[in-house]
Amino acid sequence: MLNIVLLEPEIPANTGNIGRTCVAANARLHLIEPMGFRITEKQVKRAGLDYWHKLDYTVYDNYSDFLNRNPGAVIYMATTKARHTYSDIKYEDGCYLMFGKESAGIPEEMLLENEERTIRIPMFGDIRSLNLGNSVAVVVYEALRQRHFSGLNKEGKLHRLL
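A quick note: this is a predicted structure, and the numbers were derived from the prediction, not measured. (Residues numbered from 1 in each chain as written. Predicted model: local features only at pLDDT ≥ 70, side-chain atom pairs only at ≥ 80, totals over all residues. Heavy atoms only, no water.)

Chemist: Could you give me a rundown of the overall build of the protein chain, with the residues and numbers involved?
Modeler: Helix and strand counts for the protein chain stand at five helices and seven strands. Along the protein chain, helices and strands appear, N-terminal first, in the series β-α-β-α-β-α-β-β-β-α-β-α. Relative to the 2.2 N^0.38 estimate, which gives 15 Å for 162 residues, the radius of gyration of the protein chain is 16 Å and therefore close to what a compact globule would have. Out of the 162 residues in the protein chain, the part that is buried amounts to 41%. When contacts within the protein chain are restricted to residue pairs at least 6 apart in sequence, those whose partners lie at least 24 apart make up 75%. (Helix = DSSP H or I, 4+ residues; strand = E, 2+ residues; numbered from the N terminus. Rg over C-alpha atoms; globule rule 2.2 N^0.38 Å. Buried < 20%, exposed > 50% of the residue type's maximum accessible area, 1.4 Å probe, protein only. Contact = heavy atoms within 4.5 Å.)

What follows is the structure, encoded as structure tokens:
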């Protein structure tokens, strides 16, 4: 199972959207305080639609609390400052994919301490970054693809035409 970590998320709709992605991908969501909203806000649940009650999530007081409660976690940190692209990495089952807050990303001190596990999504030109929800989806589904979408529903049906 994958673990998605949001470090100090600021926008409730992004977190709701990411929560919905976690449910679809059978991933756990880890939320590190401080957050720019309360987890009970309507905007979070509205973006997560009616899936929020199915979400496996944990809230942490701070980054130290997260590390203490997840000893030995293999963490890949998404940043525009990484040398490795997200598709260069072989993601282990149970690894943690960390994304920083919308306005500033992951602090550079943390990135320097974990430089070999930093990843980036290539972008064209002067684009600064993608939306947080989109970034999470891109990386999560690459990790799932590497495991052949094990445990996920891979079949679709044209229900109207049957």
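Chemist: Quick rundown of helix α1 (residues 12–25)? Include the residues and the values.
Modeler: Counted at 1.5 Å a residue, the expected span for α1 with its 14 residues is 20 Å, and the 20 Å between its end C-alpha atoms agrees. Looking only at α1, the buried set comprises P12, N14, T15, G16, I18, G19, T21, C22 and A25. Positive backbone phi, at 55°, marks N26, one or two positions downstream of α1. (Expected span 1.5 Å × (residues − 1).)

Chemist: So what about the layout of surface pockets? Which residues, and what values?
Modeler: Within this model, the largest pocket holds a volume of roughly 520 Å³. Taken together, 23 residues form the lining of the largest pocket, with T80, G105, R128, S129 and L130 sitting closest to its centre. Looking at the lining of the largest pocket, the elements that each hand over two or more residues are β7 (118–120) and α5 (132–146). Classifying every residue of the lining of the largest pocket by side-chain character gives nine nonpolar, nine polar and five charged. (1 Å grid on protein atoms, 1.4 Å probe; cavity = no way out; pocket = protein on both sides within 12 Å on 5 of 7 lines; lining within 4 Å. Points joined across faces, edges and corners; volume = space filled by probe spheres on them. Nonpolar A, V, L, I, M, F, W, Y, C, P; charged D, E, K, R; others polar.)

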